[in-house]
Amino acid sequence: MDKFIYKKSAGITALSASITDFKYKKHCHEEYAIGVTLRGIQHYNLDGSLQLSYKNGVMLFNPEQAHDGMAHDETGLDYIMLYIKPQLLLEVIENKDIVRFSSPIVYDYQLVQRILSLSNAILNNEEDALCSELLISLTDILIQNNLSTDNKKDNNLIRKAKVMLHSNLENVLKLDELCNQLNLSKFQFIRLFKAHTGITPYQYYLNCKIERAKQLIDMNKDIYSAVAECGFVDLTHLNKHFKGVYGTTAFEYMSHLN
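Since this is a predicted model, take the numbers as computed values, not measurements. (Residues numbered from 1 in each chain as written. Predicted model: local features only at pLDDT ≥ 70, side-chain atom pairs only at ≥ 80, totals over all residues. Heavy atoms only, no water.)

## Regarding the overall build of the protein
A count of helical and extended segments in the protein gives 10 helices and 12 strands. The C-alpha radius of gyration computed for the protein amounts to 18 Å, which stays within 12% of the reference 18 Å derived for 258 residues, consistent with globular compactness. Considering only C-alpha atoms, the protein reaches an extent of 50 × 40 × 40 Å along its principal axes. Burial statistics for the protein: of 258 residues in total, 51% are counted as buried. Sequence separation of 24 or more characterises 70% of the internal contacts of the protein that already satisfy a separation of 6 or more. Split by element, the accessible area of the protein, about 12700 Å² in all, is 50% carbon and sulfur. Of the charged side chains in the protein, 27 are positive and 30 negative, and the gap between their average positions amounts to 6 Å. (Helix = DSSP H or I, 4+ residues; strand = E, 2+ residues; numbered from the N terminus. Rg over C-alpha atoms; globule rule 2.2 N^0.38 Å. Buried < 20%, exposed > 50% of the residue type's maximum accessible area, 1.4 Å probe, protein only. Contact = heavy atoms within 4.5 Å. Areas by Shrake-Rupley, 256 points an atom, 1.4 Å probe, with all protein chains shown as cover. Lys, Arg positive; Asp, Glu negative; His and termini not counted. Charge placed at Lys NZ, Arg CZ, Asp CG, Glu CD.)

Given below as structure tokens:
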């Protein structure tokens, strides 16, 4: 049976997941995502390349890096994942410049242990202070071998398009209007955006709406205001898209919050 448990502490979200049949839709997160495959093989496409994370493989995702995800075979998959906002990671490592993971999967025993320590603390509702200390311990290992300065800069047009998409999440995406402001044809824009981000403008826009809904649920513990503020038709509409990104419906996610 597919299972997804989310908990949050010290600004970090932890996920404990077991999947057999479930498949994530192609999506991205605004956070850094760091995870460990505990059992089975994690199968996903990242930046157009197939990745396989075997037992004790550490999966490293940069912010807004498009990917999907599934179990490689019928035996299924158990894994944990940590989601850390860019500003928090940069504060911890005392770096003002955006950094990127240099490899998508690494095998490092010390790194595995520190990821597990932090995720277990969050999932077991330990104090924020302990979780913050464990985050420092984790990032000490990360910055030794796995981080590099970000050389992948969005061009100005893509950056402008992202700002416009983010500023209009409560409405239906009006691609023609956006393209007119960017002075591009609709098809030029779709091709350019996908080449830079790995997903289409509509996928990105929908992804942003889902992430915004999750943030509102985290803050307000009110699922219906999230539906309204993010422009979903109703709760069923939000639940359907939320499940494709997070493995669980928005309603189930809210029920697990402390």
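## Observations regarding the pairing of strand 6 (residues 49-53)
Looking at chain direction, strand 5 (residues 42-46) and strand 6 are connected through five bridges and run antiparallel. Looking across to strand 6, one finds that Tyr44 is bridged to Gln51. Connecting strand 5 to the antiparallel partner strand 6 that follows it, the hairpin turn spans two residues, and Asp47 within it adopts a positive phi of roughly 55°. (Pairing = 2+ DSSP bridges.)

That's the geometry; what it means functionally is another story.
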